[in-house]
Amino acid sequence: QPEDSGDYSCATGEQATTAKVTVKTLPVLFKRDLENQQAEEGGSATLRCELSKPGAPVEWRKGGAVLQSGDKYKMKPRGSTAELQICNLDVGDIGDYSCVCGNLSTMASVTVNA
């Protein structure tokens, strides 16, 4: 773990040695990408992806716009799964959605049947 980084010493009698240990974190990767969704107008659609690290921070976007959690969008982190629920769908919700984590992202399209 990164918190294990530091200087470690070993001493015996009058002899001592010290080593510096640096623990690098593994990058977060997408283990399962988003999948395209099709839903009925007035219903909801849920996008899910799985990350290699539980609790990794993600940002949800529609096109280039960052989405905020509220009545329309519900963002639910569940362990290593990130979930976006789009509520009360209408034709304005059609488009490409992405989940961004660091410099990586996964994208899927949402289609609404009117």
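Going by the structure above, here's the rest.
Presented here is an overview of the structure given in this document.

**Here's the deal with the overall build of the protein chain**
- Regarding its fold elements, the protein chain presents zero helices and 11 strands.
- Helices and strands appear in the protein chain in the N-to-C order β-β-β-β-β-β-β-β-β-β-β.
- A compact globule built from 114 residues should have a C-alpha radius of gyration of about 13 Å, whereas the protein chain, at 21 Å, is more than 25% larger.
- Referenced to the eigenvectors of the C-alpha coordinate spread, the extents of the protein chain come out at roughly 80 × 20 × 20 Å.
- Looking at the protein chain as a whole, 28% of its 114 residues qualify as buried.

**Here's the deal with the nonpolar core**
- Formed by 22 residues in total, the largest nonpolar core has its most connected members in Leu47, Trp60, Leu84, Ile86 and Tyr97.
- The dominant element in this core, judged by the number of residues it contributes, is strand S5 (residues 45-51), at four residues.
- Trp60 has contacts with Leu34, Leu47, Cys49, Ala65, Val66, Leu67, Met75, Ala82, Glu83, Leu84, Ser98 and Cys99, leaving out every residue within four places of it along the chain.

**Topic: the side chain of Ser80**
- When you line up the elements, Ser80 lands in the loop between strand S8 (73-78) and strand S9 (81-86).
- Given a relative accessible area of 18%, Ser80 falls into the buried group.
- Once you skip the residues sitting within four places of it in the chain, Ser80 turns out to touch Cys49, Glu50, Leu51, Lys53 and Pro54.

About the criteria used
Residues numbered from 1 in each chain as written. Predicted model: local features only at pLDDT ≥ 70, side-chain atom pairs only at ≥ 80, totals over all residues. Heavy atoms only, no water. Helix = DSSP H or I, 4+ residues; strand = E, 2+ residues; numbered from the N terminus. Rg over C-alpha atoms; globule rule 2.2 N^0.38 Å. Buried < 20%, exposed > 50% of the residue type's maximum accessible area, 1.4 Å probe, protein only. Core = buried A, V, L, I, M, F, W, Y, C linked by side-chain atoms within 4.5 Å. Contact = heavy atoms within 4.5 Å.

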